[in-house]
Structure formats: structure tokens, C-alpha cells
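# Commentary on secondary and tertiary structure
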Amino acid sequence: MPEAASYVDHLRKVPIFSKLAAKELEHIARSVKERVYESGTVIIKEGDPGLGFFLITEGRVDVSHRDHRIRDMGPGEFFGEMALMEEAPRSATVTAKERTRCLQLVRWDFRALLKENPDLAVRMLEVVVQRLREHPAAHAEP
Ligand code: CMP
């Protein structure tokens, strides 16, 4: 499967995945689906149920909460992890700022990946905590 080989290359460049064994990266590559979003497309809508986790391979997205921009993200970064870790609605809206290519993992593959790779789960937790520290207001109760 030629796509799976190119997905492995993308996955290797994602900092939190960089320490995973080649076999694990190949396994993830077989589970992901590539998605392409045109500029202006809402990829994740705040309040919706969480179905997928996304890794950006190309392009940029904006993250916003109640119409306030929180930050932008680009290649090697990920989004959509919070609603899948917590089984809660999406905490923010994520919109493509330009044509954006992502690798998507569905909920059950994402959760299985974290359960099978505790080091990866800890690294992801570190990123989530950092995100919440930087923009705590975005996660405060109404
Ligand atoms: P999730 O809640 O599943 O969907 C919206 C996503 O936006 C969320 O996962 C994170 O990936 C991202 N996100 C939410 N809040 C922040 C934040 N404060 N900083 C960076 N990213 C965020």
C-alpha cells in the first residue's frame, strides 16, 4: 500500500510520535485516513460529539472558542484529542486557514493507540496540559 509508506514518513515527523517503533508507526499508518480540507472549512465544531483525532501534514488551521481565536497550528501538530480522551463534546472550533491535509484516526483506534503506548499517552497529556495552561479561559465553565 504506497500511501501507508508515505503516512509513516509523516507520522515520524510528528514530535509526539517520534519515539514510536517502526512497527507501531506502520500499524498507525494502516489505520489512518487522509483528509483534505479547503480553506475556510470547519473541520471540528465546538459542542459536537468527538469522532476523530487529526494530525496536520500540510497547511494551517485556526482554533477558536466562542468566536475568540485561541491559536493556529501547522504541520506536525495535532487536534481533536480532548473530546476523545474525555468522551466529552468538542471544546473548540477548528477551521482550515488554507488548504489543509490531515491524517485522521477514529475514536476507537486513537484510544487503543494510547492504551498500547503509555509513553505516547504521557507525552500527549503533557501537550494537553500545556494547551490548557496557555488558554485556561477557553475551558472554564460558562
Ligand atoms: P477537541 O476538544 O476534541 O476539539 C477541539 C480541539 O481544539 C481540542 O480537542 C484541541 O485539539 C484543540 N484545543 C482546544 N483548546 C485548545 C487550547 N486552549 N489550545 C490549543 N488547542 C486547543
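Residues numbered from 1 in each chain as written. Predicted model: local features only at pLDDT ≥ 70, side-chain atom pairs only at ≥ 80, totals over all residues. Heavy atoms only, no water.

### What about the overall build of the chain?
Just so we agree on the cut-off: Numbering of helices and strands starts at the N terminus; helices are DSSP runs of H or I of at least 4 residues and strands are runs of E of at least 2. Both definitions apply: the radius of gyration is a C-alpha atom measure, and the globule rule equals 2.2 Å times residues to the power 0.38. Using a 1.4 Å probe on the protein chains alone, a residue whose accessible area is under 20% of its type maximum counts as buried, one over 50% counts as exposed, and one in between counts as partly exposed. Residue-level accessible areas treat just the shown protein chains as cover; the underlying method is Shrake-Rupley with a 1.4 Å probe. Charge counting treats Lys and Arg as positive and Asp and Glu as negative, with His and both chain ends excluded. For this purpose, a charge sits on NZ of Lys, CZ of Arg, CG of Asp or CD of Glu.
Secondary structure assignment for the chain yields 5 helices and 8 strands. Mapped in sequence order, the helices and strands of the chain form the string α-α-β-β-β-β-β-β-α-β-β-α-α. On C-alpha atoms alone, the chain measures out to a radius of gyration of 15 Å, which is about the 14 Å that the 2.2 N^0.38 rule sets for 142 residues. Dimensions of the chain, computed from C-alpha atoms along their principal axes, come out at roughly 45 × 30 × 25 Å. Relative to its 142 residues, the chain shows a buried fraction of 44%. Surface exposure of the chain reaches about 8100 Å², of which carbon and sulfur atoms provide 53%. Charged side chains of the chain number 22 positive and 23 negative; the gap between the two group centres comes to 2 Å.

### Some details on the pattern of salt bridges
The criterion, for reference: The term salt bridge refers to a side-chain nitrogen of Lys or Arg lying within 4 Å of a carboxyl oxygen of Asp or Glu.
Here the structure, examined in full by the defined rule, presents 11 salt bridges. For R69, the salt bridge identified is with D72, shortest N-O distance 4.0 Å. Assessed through its relative accessible area of 21%, D72 is described here as partly exposed. The salt bridge involving R107 is made with E87; its shortest N-O contact spans 3.5 Å. In this pair, R107 sits in helix α4 (residues 107–116) while E87 sits in the loop between α3 (82–86) and β7 (93–96), placing the two residues 20 residues apart along the sequence. By sharing partners, the salt bridges in this structure join R60, D62, R69, D72 and K97 into a single network.

### Points about the sheet that holds strand β3 (residues 52–58)
Convention followed: Strands were regarded as paired on the criterion that DSSP finds at least two bridges between them. By definition, residues are in contact when any of their heavy atoms lie within 4.5 Å. Angles run from 0 to 180 degrees between N-to-C directions of axes, and those axes are lines fitted to C-alpha atoms, restricted for helices to the stretch in contact.
Taken in spatial order, the 4 strands make up an open sheet running β1-β8-β3-β6, and their pairing is antiparallel. Bordering the open sheet on either side are β1 (33–37) and β6 (78–79), each of which pairs with just one other strand. Bridge count between β3 and strand β8 (residues 100–106): 6 bridges; the pairing is antiparallel. Residue pairing for β8: E58 is matched across the bridge by R101. The strands that α4 touches are β3 and β8; relative to β8, the one it contacts most, it runs at about 75°.

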